[in-house]
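Each chain, written out:
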Amino acid sequence: MSKILVVEDEQKLAKFLELELQYEGYEVAIAPDGKEGLKVAQKINPDLILLDWMLPQMSGFDVCRQLRSLGCMIPIILLTARDEINDRVAGLDAGADDYIVKPFGIEELLSRLRVHLRKSNEEDPDELHFLDLSLNRRTREVKRGDRIIDLTATEYDLMEYLISHPRQVLTRDQILEKVWGYDFGGDSNIIEVYVRYLRLKLESNKEKRIIQTVRGVGYVLKD
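The structure presented is a predicted model; accordingly, all values stated were derived computationally and were not measured. Sequence order as written defines the numbering, with residues in each chain counted from 1. Local features in this predicted model are restricted to residues of pLDDT 70 or higher, and side-chain atom pairs are both shown and tallied only at a pLDDT of 80 or more, whereas totals for entire chains, interfaces and linings draw on every residue. For side-chain calculations, the full set of non-hydrogen atoms in the structure is used, while hydrogens and water are omitted.

Across its full length, the protein chain holds 8 helices and 12 strands. Summarising its shape, the C-alpha atoms of the protein chain cover approximately 65 × 35 × 30 Å along the three principal directions. Within the span of the protein chain, comprising 223 residues, buried residues form 45% of the whole. Should any heavy atoms of two residues lie within 4.5 Å, those residues are considered in contact. Sequence-distant contacts in the protein chain: of pairs separated by 6 or more residues, those separated by 24 or more amount to 58%. Counting rule applied: Lys, Arg positive; Asp, Glu negative; His and chain ends not counted. For this purpose, a charge sits on NZ of Lys, CZ of Arg, CG of Asp or CD of Glu. Here the protein chain holds 32 positive side-chain charges and 40 negative ones, and the gap between their average locations is 5 Å. Per the convention used, a helix needs a DSSP run of H or I reaching at least four residues, while a strand needs a run of E reaching at least two, with both numbered from the N terminus. Buried, partly exposed and exposed residues are distinguished by accessible area as a fraction of the type maximum, computed with a 1.4 Å probe on protein chains only: under 20%, between the cut-offs, and over 50%, respectively.

A word on the pattern of salt bridges. Salt bridges, as used here, are contacts in which a Lys or Arg side-chain nitrogen is within 4 Å of a carboxyl oxygen on Asp or Glu. Scanning all chains against the criterion turns up 17 salt bridges. The closest approach of N and O atoms between Arg209 and Glu203, which form a salt bridge, is 2.8 Å. With relative accessibility at 40%, the residue Arg209 sits in the partly exposed group. The network of salt bridges with shared partners includes Glu8, Glu10, Asp52 and Lys102.

Time to look at the sheet that holds strand β12 (residues 218-221). Spatial strand order, β10-β12-β11: 3 strands in an open sheet with antiparallel pairing. Lying at the two open borders of the sheet, with one neighbouring strand each, are β10 (170-171) and β11 (211-214). When DSSP locates at least two bridges between a pair of strands, those strands are taken to pair. As defined by bridge partners, β11 adjoins β12 across 4 bridges and the pair is classed as antiparallel. Note on β12: the bridge partner recorded for Gln212 is Val220.

Here we take up the packing of aromatic side chains. Given two aromatic rings, their pairing is described by the distance between the two centres and the angle made by the two planes. Any Phe, Tyr or Trp ring, taking Trp's six-membered ring, that has another such ring centre within 6.5 Å forms a pair; planes under 30 degrees apart are called stacked, those over 60 apart edge-to-face, and the others tilted. As enumerated under the stated definition, the model contains 4 aromatic pairs in all. Summarising the aromatic geometry, the rings of Tyr194 and Tyr197 are spaced 5.3 Å apart at their centres and angled 75 degrees between planes, so their arrangement reads as edge-to-face. Note that Tyr194 and Tyr197 are positioned in helix α8 (residues 190-202) at a spacing of 3 residues, about one turn of the helix. The class of Tyr194 is buried, set by a relative accessible area of 18%. With relative accessibility at 36%, the residue Tyr197 sits in the partly exposed group. Among the aromatic residues, those joined into a ring-pair cluster are Trp53, Phe61 and Tyr99.

Moving on, we get to the sheet that holds strand β2 (residues 27-31). The sheet built from 5 strands is open, its strands ordered β2-β1-β3-β4-β5 with parallel pairing. The open sheet has two edge strands with one neighbour each: β2 and β5 (98-101). Adjacent strand axes in the sheet meet at a mean angle of 20 degrees when their direction is disregarded. Bridging between strand β1 (residues 3-7) and β2 involves 5 bridges; their strand directions are parallel. Its bridge partner being in β2, Ile4 is matched across the sheet by Val28. Taken strand by strand, helix α2 (residues 34-44) contacts β1, β2 and β3 (48-52), and its axis lies near 170 degrees from that of β1. Contacting β3 and β4 (76-80), helix α3 (residues 60-69) runs over the sheet at an angle of about 145 degrees to β3. To obtain an axis, a line is fitted to C-alpha atoms, over the contacting stretch when the element is a helix, and the angle between two such axes runs from 0 to 180 degrees between their N-to-C directions.

A few words on helix α7 (residues 172-180). Residue pairs spaced three or four apart in an α-helix point in one direction, given the helix's 3.6 residues per turn. For α7, the set of buried residues is Ile175, Leu176, Val179 and Trp180. The buried residues of α7 occupy one face: seen down the axis, they fall within an arc of 100 degrees. Residues of α7 that are exposed and point over 90 degrees away from its buried face: Asp173 and Lys178. Taken together, the buried residues of α7 touch α6 (153-163), β10, α8 and β12. Immediately beyond the C-terminal end of α7, within one or two residues, lies Gly181, with a positive phi of roughly 95 degrees. Along the arc lie the directions from the helix axis toward the C-beta atoms.

The next subject is the pairing of strand β7 (residues 133-136). Here β7 shows no split at all, with Leu133 and Leu135 on one side and Ser134 and Asn136 on the other all buried. Where strand β6 (residues 127-130) and β7 come together, 4 bridges link them in antiparallel fashion. Bridge pairing in β7 links Phe130 to Leu133. The hairpin formed by β6 and β7 contains 2 residues between the paired strands, and Leu131 there has a positive phi angle of roughly 50 degrees. Hairpin connection from β7 to strand β8 (residues 141-144): 4 residues lie between these consecutive antiparallel strands, with Arg140 at a positive phi of about 60 degrees.

Written out as C-alpha cells, the structure reads:
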C-alpha cells in the first residue's frame, strides 16, 4: 500500500482527497500547513506528496525546496490556483515533479499520481537515499550532500546495511551477522568502533547526526 502525504490547508479539499485516496487503496496522511508538512514528510517517508502551493507557516514552494535540499527524492505534485507559465516553471525549478491547477478533476489527479508512483517504483534499486545521504551500490560511492565520503570496505558494508533499513532499529546481533558474518569471533565492541568511524566521516562538516544509538539494543538511521 503506497503512502500519500496531502499537505493542504483547505479542510474540505483535504478531507475530500483523503476519502478519495483511501477509496483507491492508498494510505493517507494529512498536514494542514507547510511546517507540519515538512515535519511529517521526514517522519513517515511517504511514497508521494500532494502539496498545495499557498500554505500557512511555510509555502509549498519552500517546503519543496527544503525537501530537495535535504536529498529527499519523493515525487511531489504541486496543487495550486496559479496557472501562469512562470508559476509552473518556478514550481518545477523548486523540485516539484508535476503541477496541477485548481480546480481539477479527481480522475486526472489519480492518473498523474499513478504515473509518478510507477516511475518511482522503477527507479534504480542500486541508488539508495536517506535525507542528504546517498549510496551507489554499483560504484560504491557514498555522498553527504555533494561531498564524497571515502569509506573502507567494512565501513561501506555497515553504511549500506543501515541505509537499506532507514528508521528501522537494527540489533547488534543483526549487524554482526550481516556485516561481519556468522563466524565472526572478534571483539564484540567492533560495531561501536565502526559506528564511531562512520560518524566522524559523516559529520566532518558539522552535519547533523543520523546514525542514532538505541541503548541496550543497537542502532538506527534516522533524523
